[in-house]
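Tertiary structure, described
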Amino acid sequence: MKVRQAIPVTSELGDISRLAKFDGEVVCEPPNNKLDRFSGTLYWKESKFPLSNQNMLLRGCVLRNTEWCFGLVVFAGPDTKLMQNSGRTKFKRTSIDRLMNTLVLWIFGFLVCMGVILAIGNAIWEHEVGARFQAYLPWDEAVDSAFFSGFLSFWSYIIILNTVVPISLYVSVEVIRLGHSYFINWDKKMFCAKKRTPAEARTTTLSEELGQVEYVFSDKTGTLTQNVMAFSKCSVSGRSYGDVFDVLGHKAELGERPEPVDFSFNPLADKKFVFWDSSLLEAVKMGDPHAHEFFRLLSLCHTVMSEEKNEGELYYKAQSPDEGALVTAARNFGFVFRSRTPKTITVHEMGTAVTYQLLAILDFNNIRKRMSVIVRNPEGRIRLYCKGADTILLDRLHPSPQELLSTTTDHLNEYAGEGLRTLVLAYKDLDEEYYGGWAQRRLQASLAQDSREDRLASVYEEVESDMVLLGATAIEDKLQQGVPETIALLTLANIKIWVLTGDKQETAVNIGYSCKMLTDDMAEVFIVTGHTVLEVREELRKAREKMLDSPHAVGNGFTCPEKRSSAKLPSVLEAVAGEYALVINGHSLAHALEADMELEFLETACACRAVICCRVTPLQKAQVVELVKKHKKAVTLAIGDGANDVSMIKAAHIGVGISGQEGIQAVLASDYSFSQFKFLQRLLLVHGRWSYLRMCKFLCYFFYKNFAFTMVHFWFGFFCGFSAQTVYDQYFITLYNIVYTSLPVLAMGVFDQDVPEQRSMEYPKLYEPGQLNLLFNKREFFICIAQGIYTSVLMFFIPYGVFAEATRDDGTQLADYQSFAVTVATSLVIVVSVQIGLDTGYWTAINHFFIWGSLAVYFAILFAMHSNGLFDMFPNQFRFVGNAQNTLAQPTVWLTITLTTAVCVMPVVAFRFLKLSLKPDLSDTVRYSQLVRKKQKAQHRCLRRVGRTSSRRSGYAFSHQEGFGELIMSGKNMRLSSLALAGFSARSSSGWLEGLRRKKSDSAGSPSAGPHKPLRG
């Protein structure tokens, strides 16, 4: 919630009659898209009044705590800031979409080539053979030569063979994606019961790309943590409060602590507030001036709005949870913020109401990273209160109290080391004369028409100097449930996680250890803190040298890095076997993202298992994502919960918004949304992997069945004088893709799965084929095309060879055009139905119904089209009465169909059998282990039914494998119990992935060559 208020001079316009006489004029900046600033001036009553963003209501906002207001429209229509920011939305497309577009163009070129070949054949045939039949098969009147006949034949074949171009493919793909998005929306395991928030797929175009993610860029506050702030510790005048010590002077753990502090003396205290150190309350009650000034600052320096529904029941509405936590802490310790007006703030200090005159608010922004208020107390003394980031505020303190500064800095480092969010508090007394001059300079800067923001910043900088240090606060933001397990799983799936946060370095590093991004087993954690370009470049160079010079660093046979050219450096770095992490500050990142250094930063960062960027701005978050997208052929995912994450979410291939405490800006800009970070593992490892698998199997089968269907026309052209005669009946051509084969392939694309969801989570290595783009690529496309052409050859030539000599039961010739067409069409439908049965890995009732139902529909329509009833109604359309019944009544025809089906399918069955036996995928191994488990459970149940007939005991109580004892003692298996099993089971079956990744890593020569990461088991 943002605070907006009218300028005080207009308060008299609340009466409608006075409002009607308002004749002021507003002069302001031209329309722009900057939501956080506005510069204007109100000319009224021969005076000038500055207008800022605090006085503006933007289009689309909702009033809170105010029933109504009068306003002056400054911008309307396309000039509003909302419309200025709603530029053309970048449409995100998946890599499969782009590949499909390329393949369709190739197929169209192949169609033209087939048309040219058959047209040439027609011209030659008409010239050499057709001339002999001119007497009773004359050319049409317009045809005067064999060449022109071939030209017409070209366009005829383009029309006949156009079914090879998958026009309906795009519609089918969107239907499948829609089904995948509904599965995400309906997933009860991604539903947050506490917030009543389900997962939501806000787009239907990116589902399969969820199965190809290699880089995850995450915000910290509200994404990895709960963003529910609690006042945990503080430092007041050099003394730290918040820890509880036992009789021996040791810190007491949470379970050993006594009862929390009793705030019953304060009737306005928040009963939900908990604090453990009673010495701070004693200091306040004893009248410690530093403690009083500390909480007085917290109760005054903020933009919180107070609402009192009933007497004594205060409700605070803050722009950020941090501010709410600080004001609530001051409230409980006796400094209760009660109300505010545009010019006053009322605080109850230890039960006494005190009203301060609010002279100025120097608001917070991402550049200043601090906030100040200037107030006049009832005695007339003017004081500036300021709170902000330590990196900014410590440089603006008065240089005299060095001991206090040193002690407070130690406390800040201690708090940050515990993962707490810190702020520094300071104040400054102003005399009346100085404040009068400064206020005049501020007024002049606020009235400036150009560079108003810079002038105001300079005026603010002037007064926010030589301040007196008062203390520091530490706010706890706990990790969300399941974050360490989720990060561990994603890491085992070879997904690299980068955290981009605005918090200070110590806080971010501590959270990194808490969520298991950083571990003690890592070879080294590199910290880059340089303030100049040369310092940052040198620190990155030293980090690369340490990674390459480490005795266990390189695992692929690389030796001295100096012997390799700089162009090969990325592939060498990404071959390091050790585990490293990189931590970089915002000011260092600004230099690292410059054009001449971005590749060095990217090389170093991509060689690390984890990357943490601290003190970064929203723009820098987007720049980091764009950098990886630009130089890496990898799918990126950005996840965040606040408005400062929107640019990062929009920049990534996939944006995920978390509906948390900071509004819904991130959700509105995202492609997928849910309420907790832990759901990301299910989104990627289950829904994403299944979507990618289903889409790839769908595309392979779709291209196969289209080529198997269309290429029969091509072969038939060589036996019909290239006359553009079709093999199939016209109605079969129309219904093949619409009725006979559409629903089975859609069912496979929507419902298929290779392993159950539990196994997908237990074996994260199953995710890697999607990252390597193994299941559908140009090679797989050509394999499908080759299989389709092979099927079409057998589909045409086996019936053609049989029909050349076959006879009916009565001895008459079997070979006629309609009988041949029925035989080929029936063979085709049966073969593609059997093929999709082989491709289906997960059978449901819907799959059975669609596959066998499509076959039944084919035969029903076939017999109906050759029936007497349709002939009687449409004699000119259905002339071949009884042809299907007569043809399919012949044993020879069924033998031909059976032979064709067997010859088409057997090579596929044999290849898959050999592959399962000799070189199984990890998914094959998982399915086999699942089958073995089921058999063992069934045998166990049988044994339990039979019962024991002997009391003899086994000689061993365990059947464990050797080596697990040492593994447990080492502590390396303590991440997740199932993960150790997953890595152990995947060793033998993931060798092919290791080989492929090693080959890919060796062949890459630059950062743009894509992801080259060795697998970890």
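Please read these numbers as outputs of a predicted model, since none were measured by experiment.

Counting residues in hydrophobic clusters, the biggest one holds 80 residues, and the most contacted among them are Phe698, Leu699, Phe703, Tyr728, Phe732 and Leu828. At 18 residues, helix H22 (residues 679-717) tops the list of elements feeding residues into this core.

So, about the side chain of Arg338. With respect to the secondary-structure elements, Arg338 resides in strand S10 (residues 335-341). The contacts of Arg338, once residues within four sequence positions are left out, are Leu268, Ser306, Glu308, Glu311, Leu314, Thr346 and His348.

The tally for this structure, following the rule as stated, stands at 58 aromatic pairs. Ring geometry for Phe719 against Phe797: centres 5.9 Å apart, planes inclined by 75 degrees, an arrangement best described as edge-to-face. Here the residue Phe719 occupies a position in the loop between H22 and helix H23 (730-740), and Phe797 occupies one in helix H27 (residues 778-805), the gap between them amounting to 78 residues. Residue class for Phe719 comes out partly exposed when judged on its relative accessible area of 39%. One aromatic cluster is present, formed by Phe714, Trp715, Phe716, Phe718, Phe719, Phe722, Phe796, Phe797, Tyr800, Phe803 and Phe820 through successive ring pairs. Over the face of the ring belonging to Phe265 we find Lys285, whose NZ or CZ atom lies 4.7 Å from the ring centre. The cationic tip of Lys705 hangs over the ring face of Phe702; the distance from NZ or CZ to the ring centre is 4.4 Å.

With that settled, consider the sheet that holds strand S13 (residues 370-376). If you walk across this open sheet you meet the nine strands as S7-S6-S16-S15-S14-S13-S12-S11-S10, and the pairing is antiparallel. A strand with exactly one partner marks an edge of an open sheet, and here the two such strands are strand S7 (239-241) and S10. Neighbour to neighbour, the strand axes of the sheet diverge by 25 degrees on average, direction disregarded. As paired elements, S10 and strand S11 (residues 344-349) share six bridges and run antiparallel to each other. Across the sheet, the residue bridging to Phe337 is Val347, located in S11. Packed onto the sheet, helix H6 (residues 278-285) meets strand S6 (230-236), S7 and S10 and runs at close to 120 degrees relative to S7.

The next point concerns unusual backbone geometry. The backbone phi angle of Arg615 is positive, close to 55 degrees, even though this residue is not glycine. Relative to the helices and strands, Arg615 is located in the loop between strand S20 (610-613) and helix H19 (618-631). Backbone geometry places Ala724, a non-glycine residue, at a positive phi of 65 degrees. Among the structural elements, Ala724 can be located in the loop between H22 and H23. A residue is classified by how much of its surface remains accessible, and Ala724, at 18% relative accessible area, is buried.

As a further point, take the environment of Gly14. As for its placement among the helices and strands, Gly14 is situated in the segment before helix H1 (16-20). Owing to a relative accessible area of 43%, Gly14 belongs among the partly exposed residues under this scheme. With 56 residues separating them along the chain, Gly14 and Phe70 place their C-alpha atoms 7.7 Å apart.

This paragraph deals with the sheet that holds strand S3 (residues 47-51). Within the open sheet, the three strands sit side by side as S1-S2-S3. Their pairing is antiparallel. The sheet terminates laterally at strand S1 (25-28) and S3, the two strands that pair on one side only. Between one strand and the next, the sheet's axes are offset by a mean angle of 25 degrees, whatever the strand orientation. The pairing of S1 with strand S2 (residues 40-44) spans four bridges and is classified as antiparallel. Across the sheet, residue Val26 finds its bridge partner in S2, namely Leu42. With respect to the sheet, helix H11 (residues 432-447) is in contact with S2 and S3, its orientation differing from that of S3 by roughly 75 degrees.

Looking now at the confidence of the model for the protein chain. Mean pLDDT over the protein chain: 83, with 87% of residues reaching 70 or higher. pLDDT under 50 marks residues 947-992. Its contacts with residues more than four places away, or in other chains, come to 37 contacts. Residue range residues 1003-1017 is modelled with pLDDT below 50. Its contacts to residues more than four positions away, or to other chains, number 53 contacts.

Below, the discussion takes up the packing of helix H10 (residues 402-417) against helix H14 (residues 505-514). Between H10 and H14, the shortest axis-to-axis distance is 7 Å and the interhelical angle comes to 25 degrees. Accordingly, the angle class assigned to the pair H10 and H14 is roughly parallel. Between H10 and H14 lies a crossing of right-handed hand. For the pair H10 and H14, the contacting residues are Asn413, Ala416 and Gly417 in the first and Glu506, Thr507 and Asn510 in the second. In terms of residue class, the contact of H10 with H14 is made up of one nonpolar, four polar and one charged.

Cut-offs applied
- Note that residues are indexed from 1 along each chain, following the sequence as it is written.
- Note on the predicted model: pLDDT of at least 70 is required for a residue's local features to be given, and 80 or more for side-chain atom pairs to be given and counted; whole-chain, interface and lining totals, by contrast, use all residues.
- To obtain the side-chain values, all non-hydrogen atoms of the structure were included, while hydrogens and water were left out.
- Think of a nonpolar core as a cluster: buried Ala, Val, Leu, Ile, Met, Phe, Trp, Tyr and Cys residues, connected wherever their side-chain atoms sit within 4.5 Å.
- For every residue, the accessible area (1.4 Å probe, protein chains only) is compared with the maximum for its type, and the residue is labelled buried under 20%, exposed over 50%, or partly exposed between those bounds.
- Each helix corresponds to a stretch of at least 4 residues labelled H or I by DSSP, and each strand to a stretch of at least 2 residues labelled E; elements are numbered beginning at the N terminus.
- Every residue pair with non-hydrogen atoms within 4.5 Å of one another is taken to be in contact.
- Aromatic pairs are defined between Phe, Tyr and Trp rings, using the six-membered ring for Trp, whenever the two ring centres lie within 6.5 Å; interplanar angles under 30 degrees are classed as stacked, those over 60 as edge-to-face, and all others as tilted.
- Note on geometry: a ring has a charge over it if NZ (lysine) or CZ (arginine) is within 6 Å of the ring centre and within 35 degrees of the ring normal.
- If DSSP finds at least two bridges between two strands, the strands pair.
- Every angle, taken between N-to-C directions, lies between 0 and 180 degrees, and every axis is a line fitted to C-alpha atoms, over only the stretch in contact when it is a helix.
- Values of pLDDT, ranging from 0 to 100, describe the predictor's confidence in every residue of the model.
- Angles are sorted into four bins: roughly parallel if under 35 degrees, roughly antiparallel if over 145, roughly perpendicular if 65 to 115, and oblique for all others.
- By convention, the crossing between two helices is left-handed when the near helix turns anticlockwise from the far helix through less than a right angle, and right-handed when the turn is clockwise.
- Only Asp, Glu, Lys and Arg are considered charged, only Ala, Val, Leu, Ile, Met, Phe, Trp, Tyr, Cys and Pro nonpolar, and every remaining residue, Gly among them, polar.

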